[in-house]
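One-letter residues, chain by chain:
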Amino acid sequence: MTKIPYRFYLTEDQIPKQWYNLRADMKEQPDPMLNPATLEPLKEEDLYPIFCKELAHQEMDSTTRYIDIPEEILEMYRVYRPSPLIRAYNLEKELKTPAKIYYKFEGNNTSGSHKLNSAIAQVYYAKKQGLTSITTETGAGQWGTALSEACAYFRLPLTVYMVKCSYDQKPYRKAVMQTFDANVVPSPSNTTDVGKKILEENPDTTGSLGCAISEAVEKATKTEGCRYVLGSVLNQVLLHQSIIGLEAKTAMEILGEYPDIVIGCAGGGSNLGGLIAPFMRDKIVDGKPVEFIAVEPASCPSLTRGKYAYDFCDTGRVTPMAKMYTLGSGFIPSANHAGGLRYHGMSPILSKLYHDGYMKAVSYEQTKVFEVATLFAKVETILPAPESSHAIKCAIDEALKCRETGEEKTILFGLTGTGYFDMAAYSAFHEGKMQDYIPTDDDLKIAFDKLPKVP
Ligand SMILES: *Cc1c(COP(=O)(O)O)cnc(C)c1O
């Protein structure tokens, strides 16, 4: 290979035909999910009322290393995959860094993010089981959009509980979902008991992902033939997102490259978990010295300031409990433009890896993030999502360190999506109206004090 191209695409038949299950190679497993009533570890059957069977199975499967991707899913993957691996030559030049910067761009589909990779899989299995509808929550709107697309493709009716502040701020997201026939409900709503209760206690709330999850789970358990699907955090979602890392690793191998550092933004952890999976395998199994960095907003710092504890996955406390880095399920993060990163917890797999020292984490304030988002847009010509821009910020910081030390590190980061539905945020930034909110230790303590007591 002479010069490495700007954009590198695998061929269609180089798209991976199996997902990779990182748990099969972890030295220690994440702690099991618990039934909140009995505090007993959950069994696969306990999940059947909430999730469809195949997904419940994937959730609990910590031993099957590679899982075949069904042909029907591959057919839809081929519509928008492989995603490009891009060499950020222009950004490198701008930063005058000796580092080589690569990014895997997942924004090349209508949903504008990586979330479609798991949406397609989850809808496929629900349809195959003969379910008649599914329900979910969406924060910033990307997951709801991705799922609407997948549901329209497989013809399965969908109800989306959309966090109220996003519902009001992002009317076009709602319109896209409606284009794909989804029924979009602002959350909290009075269509569920838990929504009514949250509204009674806090009538002016602008909602949170945690509350929307509670509503969607209630809807799923009370509606015949309906199940709940979730766009992040869960083991099954990280499994589906491993396609990102598998493609990236194959592409880098063909180019004769291997990353020294892999960086991703972390909301619930699915894109990061998917991107790092095969590289983390190399670190765990072969001892490769690759470094991993999770990037989160300073307003919602689950890894950097959270506690590693059992907690509910939702505000309404209707879900099973997971051992994870959490700010407490009662923590409602302040409004932040990276809506996809506003979640109190973190994937149990990533939490475990972070706890065991396999991964680092950093956090940034949103004004700093938008500074690099606008720089990136100008030099690389892609308008990044605010969430993705957290990873850009960290990649730039690492590249600038290389400028100081002269090290020619190879940096790979995940560019999870585009920011076309975030223009209100960009406008706030341009007009100097964007503010940074960092919770105080006292703010955090309020929600920590309400963590469930698990002996
Ligand atoms: C949802 C979302 C994220 C964060 O979710 P993870 O599960 O942590 O990956 C990041 N970027 C974009 C564009 C998103 O839509």
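Check the entry above for the structure.
Since the model is a prediction, treat every value here as computed from it, not as a measurement. (Residues numbered from 1 in each chain as written. Predicted model: local features only at pLDDT ≥ 70, side-chain atom pairs only at ≥ 80, totals over all residues. Heavy atoms only, no water.)

Peer 1: Describe the pattern of salt bridges, with residues and values.
Peer 2: In this structure the tally under the stated criterion is 24 salt bridges. Here Lys 352 and Glu 28 are joined by a salt bridge, their closest N and O atoms 2.9 Å apart. Placement of the pair is Lys 352 in helix H13 (residues 348-355) and Glu 28 in the loop between strand E2 (18-20) and helix H1 (53-60), with a sequence separation of 324 residues. Lys 352 gets classed as buried once you look at its relative accessible area, which sits at 8%. (Salt bridge = Lys/Arg side-chain N within 4 Å of Asp/Glu carboxyl O. Helix = DSSP H or I, 4+ residues; strand = E, 2+ residues; numbered from the N terminus. Buried < 20%, exposed > 50% of the residue type's maximum accessible area, 1.4 Å probe, protein only.)

Peer 1: How would you explain the site of the ligand if you had to name every residue and give the values?
Peer 2: Taken together, the neighbourhood of the ligand is formed by 19 residues, with Lys 115, Ser 232, Gly 267, Asn 271 and Thr 416 sitting nearest. In this structure, Thr 416 approaches the ligand through a side-chain N or O atom, which is 2.7 Å from a nitrogen atom. Protein coverage of the free-state accessible area of the ligand, which is 380 Å², stands at 99%. The cavity that encloses the ligand is the largest cavity. Looking at the shell around the ligand, the elements that each hand over two or more residues are helix H11 (270-286) and helix H15 (386-405). (Near = heavy atom within 4 Å. Polar contact = N/O pair within 3.5 Å; in protein donor to acceptor, adjacent residues only side chain to side chain. Areas by Shrake-Rupley, 256 points an atom, 1.4 Å probe, with all protein chains shown as cover. 1 Å grid on protein atoms, 1.4 Å probe; cavity = no way out; pocket = protein on both sides within 12 Å on 5 of 7 lines; lining within 4 Å. Sits in = over half its atoms within 2 Å of the grid points.)

Peer 1: Tell me about the packing of aromatic side chains, and name the residues and values.
Peer 2: Applying the stated criterion to the full structure yields 15 aromatic pairs. Relative to Tyr 66, the ring of Tyr 20 has its centre 5.3 Å away and its plane inclined at 35°; by these criteria the two rings are tilted. In this pair, Tyr 20 is assigned in strand E2 and Tyr 66 in strand E3 (residues 66-68), connecting sequence segments 46 residues apart. Judged by relative accessible area, which is 38%, Tyr 66 ranks as partly exposed. Centroid distance Tyr 103 to Phe 413: 5.3 Å. Interplanar angle 25°. Geometry classified as stacked. (Phe/Tyr/Trp six-rings, centres within 6.5 Å; stacked < 30°, edge-to-face > 60°.)

Peer 1: Requested: an account of the pairing of strand E12 (residues 307-312), with residues and values cited.
Peer 2: With five of six residues buried, E12 is to be regarded as a mostly interior element. The pairing of E12 with strand E13 (residues 321-326) spans six bridges and is antiparallel. Note on E13: the bridge partner recorded for Asp 311 is Ala 322. (Pairing = 2+ DSSP bridges.)

Peer 1: Requested: an account of the sheet that holds strand E10 (residues 261-265), with residues and values cited.
Peer 2: The strand order across the open sheet built from seven strands is E1-E4-E5-E15-E10-E11-E14, with neighbouring strands paired in mixed fashion. What marks the edges here is a single partner per strand, and that holds for strand E1 (7-8) and strand E14 (360-364). Where E10 and strand E11 (residues 291-297) come together, five bridges link them in parallel fashion. Following the sheet pairing, Ile 261 is matched in E11 by Glu 291. Packed on one face of the sheet, H11 meets E10, E11 and strand E15 (410-415) and runs near 160° to E10. Sheet strands in contact with H15 are strand E5 (100-105), E10, E11, E14 and E15, and its direction is about 150° off that of E10. (Contact = heavy atoms within 4.5 Å. Axes fitted to C-alpha atoms, helices over the stretch in contact; angles between N-to-C directions.)

Peer 1: Give me the lowdown on empty space enclosed by the protein, citing residues and values where you can.
Peer 2: In this structure the tally under the stated criterion is six cavities of 30 Å³ or more. Each pocket or cavity is described by its volume, and for the largest cavity that value is around 350 Å³. Taken together, 34 residues form the lining of the largest cavity, with Lys 115, Ser 232, Gly 268, Gly 340 and Leu 341 sitting closest to its centre. Here the second largest cavity is characterised by a volume of approximately 130 Å³. In terms of lining residues, the second largest cavity is bounded by 14 residues, among which Phe 51, Leu 234, Cys 313, Thr 319 and Pro 320 are the most central. (Points joined across faces, edges and corners; volume = space filled by probe spheres on them.)

Peer 1: With reference to specific residues and values, describe helix H10 (residues 235-254).
Peer 2: Between its first and last C-alpha, H10 extends 29 Å over 20 residues, near the 28 Å set by a 1.5 Å rise per residue. Where H10 ends, the next residue or the one after it, Gly 256, has phi of about 75°, a positive value. (Expected span 1.5 Å × (residues − 1).)

Peer 1: Kindly report on the packing of helix H14 (residues 366-380) against helix H16 (residues 423-430), identifying the contributing residues and their values.
Peer 2: At their nearest, the axes of H14 and H16 sit 11 Å apart, and the two run at 100° to each other. Taken as axis vectors, H14 and H16 run roughly perpendicular relative to one another. Of the residues in H16, those touching H14 at Thr 367, Phe 370, Glu 371, Ala 373 and Thr 374 are Ala 425, Tyr 426, Phe 429 and His 430. Grouping the amino acids of the contact of H14 with H16 by side-chain chemistry returns five nonpolar, three polar and one charged. (Parallel < 35°, antiparallel > 145°, perpendicular 65-115°, else oblique. Nonpolar A, V, L, I, M, F, W, Y, C, P; charged D, E, K, R; others polar.)

Peer 1: Which residues make up the environment of Gln 169, and what values do they have?
Peer 2: Note that Gln 169 resides in helix H6 (residues 164-169). Relative accessible area serves as the criterion here: at 49%, Gln 169 is assigned to the partly exposed category. Expressed as a C-alpha distance, the spacing of Gln 169 and Ala 425, which sit 256 residues apart in the sequence, is 9.7 Å.

Peer 1: Account for the sheet that holds strand E9 (residues 226-228), with residues named and values stated.
Peer 2: With respect to topology, four strands assemble into an open sheet ordered E8-E7-E6-E9, the strand pairing being parallel. Looking along the sheet, the strands with just one partner apiece sit at the ends: strand E8 (183-187) and E9. Within the sheet, the average angular offset between the axes of one strand and its neighbour, ignoring direction, is 25°. Where strand E6 (residues 133-138) and strand E7 (residues 158-163) come together, five bridges link them in parallel fashion. If you follow Ile 134 over to E7, its bridge partner there is Leu 158. Those strands touched by helix H9 (residues 209-222) are E6, E7, E8 and E9, and its axis lies near 170° from that of E6.

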